[in-house]
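Topology and contacts: notes
One-letter residues, chain by chain:
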Amino acid sequence: MTIRVNRRTALGLGTVATAGTVLGTAGPASAGSGDTAPDLTTEAAGSPERVAARVAEAYQRETARAGGNWQAYISVAGAAGGAPVVAVADAPDQRLEAYSVNKIAVATAVLDKVDRGLLALDQRLEVTAEIVVPGGDGIFSLDNAYPSSVTLGHALTALLTVSDDTAVRLCGLVCPAAELNSILVAKGFPNTQVEPVANPNRFFLGTSTPRETHDLLRAHVAGTVISPSSTAFLLNVLRSPIAFTDGIRRVMSSQERARVATKAGWFGTARHEAGVIFDPAGAAVLTYALFADGQADADDFGATHPAVQARARLGRILMDATARLSGSGRRHSPSPRRPSNGG
């Protein structure tokens, strides 16, 4: 059973472990009540430690304002390619329901099979009426014309952008739950697992921890999980204009959004999001895994939910706070995107 109360809720604290305690910086400020977050553009320091402290302060303020339970892990790229600096470690090893954030893990396992020549992005998958999740998030449930077929690449794109629920079942056709879990364990992610059901080709999206989700994203950016071509595919999809924009990317220009690879997950009272912010050259500068539940307005799955609003405010702060930092590791430049008027 997943424990729903994290340590800071039980202790009545604003946050458990942030850069303010890990790095010995000044204690975090109290939560503010204004709608406008402080402008960190002019305050952003060149030091990853100073930026991490700013991120920690903002995290405490915004999560306290939103209320509910939060578990998170956020790191900032270290100087000169050094180890990342931990900004927030709030119950980072608590195993919890990851919901659609785990679609990154599903895509990772499927792309691993592509890399091994067992699958191909251009192979066809049949979309039957029986496999469509009725009323689920995404586009397949809107077609009303079955059977049809799509490529595996199309299914993965729908999985990671509009968080299509039927795309989960399509991935299960080619990567059953038991195999998917074994791939993730072999890659070093034993807590990031889908939940099998009676049908071996179907599963619930399962569990992860903030630290493992964060580490999976960092491994993708480092190119140590799947091939360079599969990595480029995954990051390109997660940074596309159609990828999730209600949270971290909401208060950003289109150019800034293209520097953020992100995936959200929502179910019941949970509102999660995890991703990577890249510098203008395409190197990762900040990685985040934010898990939240127990806030008000459980029936609101839109941009006005308290946890989603908190992430939107945080997103602007994270982008501004890292403005003077250079990322580390491999560069992943986004594909150019231009609107079309048809024709």
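Reading the values: rules and limits
- Residues numbered from 1 in each chain as written.
- Predicted model: local features only at pLDDT ≥ 70, side-chain atom pairs only at ≥ 80, totals over all residues.
- Heavy atoms only, no water.
- pLDDT = per-residue confidence, 0-100.
- Contact = heavy atoms within 4.5 Å.
- Pairing = 2+ DSSP bridges.
- Helix = DSSP H or I, 4+ residues; strand = E, 2+ residues; numbered from the N terminus.
- Axes fitted to C-alpha atoms, helices over the stretch in contact; angles between N-to-C directions.
- 1 Å grid on protein atoms, 1.4 Å probe; cavity = no way out; pocket = protein on both sides within 12 Å on 5 of 7 lines; lining within 4 Å.
- Points joined across faces, edges and corners; volume = space filled by probe spheres on them.
- Nonpolar A, V, L, I, M, F, W, Y, C, P; charged D, E, K, R; others polar.

1. Section: the confidence of the model for the protein chain
Predicted confidence across the protein chain gives a mean pLDDT of 89, with 87% of residues reaching 70 or more. Here residues 1-16 scores under 50 on pLDDT; set against residues more than four positions off or in separate chains, the count is 40 contacts. Counting contacts from residues 20-44, a segment whose pLDDT is below 50, to residues more than four positions away or on other chains yields 38 contacts.

2. Regarding the sheet that holds strand β3 (residues 96-97)
Taken in spatial order, the 3 strands of this open sheet run β3-β7-β6, and their pairing is antiparallel. Where the open sheet ends on each side, the last strands, each with one partner, are β3 and β6 (193-196). Direction of pairing for β3 relative to strand β7 (residues 203-208): antiparallel, over a ladder of 2 bridges. Bridging from a neighbouring strand, Leu-96 pairs with Ser-208 of β7. With respect to the sheet, helix α7 (residues 177-186) is in contact with β6 and β7, its orientation differing from that of β6 by roughly 160°.

3. Concerning the environment of Ile-317
By the element assignment, Ile-317 lies in helix α11 (residues 306-321). With 66 residues separating them in the primary sequence, Ile-317 and Val-251 have C-alpha atoms 9.7 Å apart.

4. Structural notes on empty space enclosed by the protein
One pass over the full model with this rule turns up 3 cavities of 30 Å³ or more. Reported here for the largest cavity is a volume of approximately 60 Å³. The wall of the largest cavity is formed by Phe-244, Asp-246, Ala-264, Gly-265, Trp-266, Arg-271, His-272, Phe-301, Gly-302, Val-308 and Arg-311. The set of elements that each furnish at least two residues to the lining of the largest cavity consists of β8 (260-267), β9 (270-278) and α11. Looking at the lining of the largest cavity residue by residue, the classes come out as 5 nonpolar, 3 polar and 3 charged. There is about 40 Å³ of room inside the second largest cavity. If you go around the second largest cavity, the residues you meet are Val-101, Asn-102, Ile-104, Ala-105, Thr-192, Ser-208, Glu-212, Thr-213 and Leu-216. Listed by contribution, the elements that provide at least two residues to the lining of the second largest cavity are α4 (103-115) and α8 (210-222). The biggest single contributor to the lining of the second largest cavity is α8, with 3 residues. Of the residues that constitute the lining of the second largest cavity, the class distribution is 4 nonpolar, 4 polar and 1 charged.

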